[in-house]
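Geometric and topological summary
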Amino acid sequence: MSIAEKHKFDFQTPPQVCKYMASLIPEGTKTILEPTPGIGNIVRELSAYEVTAPDNFFTMERQRFDCVVTNPPFSAKYAHGVPDNMLKDGMRLGYSILKECLKMSDNVIALMLWFTLSDSDVRLRSLKNWGMISVTALPRKTFQYARIQTVVIQMQRGWEAETIFKVYDLLEKDIQHNLFD
Ligand SMILES: C[S@@+](CC[C@H](N)C(=O)[O-])C[C@H]1O[C@@H](n2cnc3c(N)ncnc32)[C@H](O)[C@@H]1O
């Protein structure tokens, strides 16, 4: 089985979207956490930085980074080593990982399910209050094996100006999901 085949349900970020996420990293960034790297699509776009990409995010030592770039597992079903107290998070596991990341950096770029923003006013307000620079809607065809609605949330602690809304146009020719494909 090829590496790409083995990881097809890991929902790796397509390389073009990784490049887009990397373009949002603030100037002056040196250290980056990619908390759940999988086969490393995002990590490959971060060669200019000092990157930490743990095998198990839940047990890694908590420390500070200049920036976090993440596409976390959205559900406990697609994650390993999930602590017992987070198993109940189910489809909200991705948000629980994002909350941990917000404690570890003042700059976070996260590919998340749309419902992270849409299904709870309290959560939306809390993210907005933390500091949300932009929200970019990704096309439903972004992931090869599931038509899911996702967004890239660009966050900077203390950002108080308006949040910019963008729509990302993933061209058919750019729907290549892994550099191994
Ligand atoms: C949605 S995929 C995204 C992969 C990668 N971040 C990317 O954007 O291409 C989520 C990844 O989290 C990884 N993962 C699951 N549990 C993890 C854990 N406890 N620690 C680190 N990574 C984990 C999975 O193997 C999977 O590759």
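The paragraphs below set out a description of the structure included in this document.

1. A word on the overall build of the protein chain
- Regarding its fold elements, the protein chain presents 7 helices and 7 strands.
- The buried share among the 181 residues of the protein chain stands at 33%.
- Taking the contacts inside the protein chain whose residues are at least 6 apart along the sequence as the reference set, 68% of them involve residues at least 24 apart.

2. Section: the nonpolar core
- Met21, Val68, Val69, Val152 and Ile153 are the most contacted members of the largest nonpolar core, which has 35 residues in total.
- Secondary-structure elements contributing two or more residues to this core are α2 (15-23), β1 (31-33), β3 (67-70), α5 (93-104), β4 (107-113), β5 (132-137) and β6 (150-156).
- If we ignore the near neighbours within four places in the chain, the residues touching Met21 are Ile42, Val69, Ile109, Leu111 and Val152.

3. Brief notes about the site of the ligand
- In the vicinity of the ligand, 19 residues are found, and the nearest of them are Thr13, Thr36, Gly38, Asn41 and Asn71.
- Residues of the shell around the ligand, tallied by class, amount to 9 nonpolar, 9 polar and 1 charged.

4. What about the sheet that holds β4?
- Pairing is mixed in the open sheet, where 7 strands are placed in the order β2-β1-β3-β4-β6-β5-β7. Each end of this open sheet is capped by a strand with a single partner; those strands are β2 (50-52) and β7 (164-167). Strand-to-strand, the axes of this sheet are offset by a mean angle of 20°, without reference to chain direction.
- Sheet topology places β1 next to β2; 3 bridges connect them, and they run parallel.

5. Re α5
- Taking 1.5 Å as the rise per residue, α5 with 12 residues should run 16 Å; its terminal C-alpha atoms sit 17 Å apart, in good agreement.
- Within the span of α5, buried status applies to Leu93, Gly94, Tyr95, Ile97, Leu98 and Cys101.
- In this fold, the buried residues of α5 make contact with β1, β3, α4 (84-87), β4 and α6 (115-118).

6. A few points about the pairing of β6
- Most of β6 sits inside the fold, with 6 of its 7 residues counted as buried.
- Across 7 bridges, the pairing between β4 and β6 is antiparallel. Note that in β6 the partner of Ala110 across the bridge is Ile153.

7. A short note on α2
- Every buried residue of α2 is accounted for by Val17, Cys18, Tyr20 and Met21. Looking straight down α2, one finds that the buried residues subtend no more than 160° of arc, so they occupy a single side.

8. Things to note about the environment of Val68
- Relative to the elements of secondary structure, Val68 occurs in strand β3.
- Taking C-alpha positions, Val68 is 9.7 Å from Met155, a pair spaced 87 residues apart along the chain.
- Contacts of Val68, omitting those with residues within four sequence positions, involve Ile32, Leu33, Pro35, Cys101, Met104, Ser105 and Val108.

9. Examining the environment of Lys99
- Assignment of secondary structure puts Lys99 in helix α5.
- Spatially, the C-alpha atoms of Lys99 and Leu127 are 9.3 Å apart, while their sequence positions differ by 28 residues.

Analysis parameters
Residues numbered from 1 in each chain as written. Predicted model: local features only at pLDDT ≥ 70, side-chain atom pairs only at ≥ 80, totals over all residues. Helix = DSSP H or I, 4+ residues; strand = E, 2+ residues; numbered from the N terminus. Buried ≥ 20, exposed ≤ 12 C-beta atoms within 10 Å, placed from the backbone. Contact = placed C-beta atoms within 7 Å. Core = buried A, V, L, I, M, F, W, Y, C linked by C-beta atoms within 7 Å. Near = placed C-beta within 6 Å. Nonpolar A, V, L, I, M, F, W, Y, C, P; charged D, E, K, R; others polar. Pairing = 2+ DSSP bridges. Axes fitted to C-alpha atoms, helices over the stretch in contact; angles between N-to-C directions. Expected span 1.5 Å × (residues − 1). Arc of directions from axis to C-beta.

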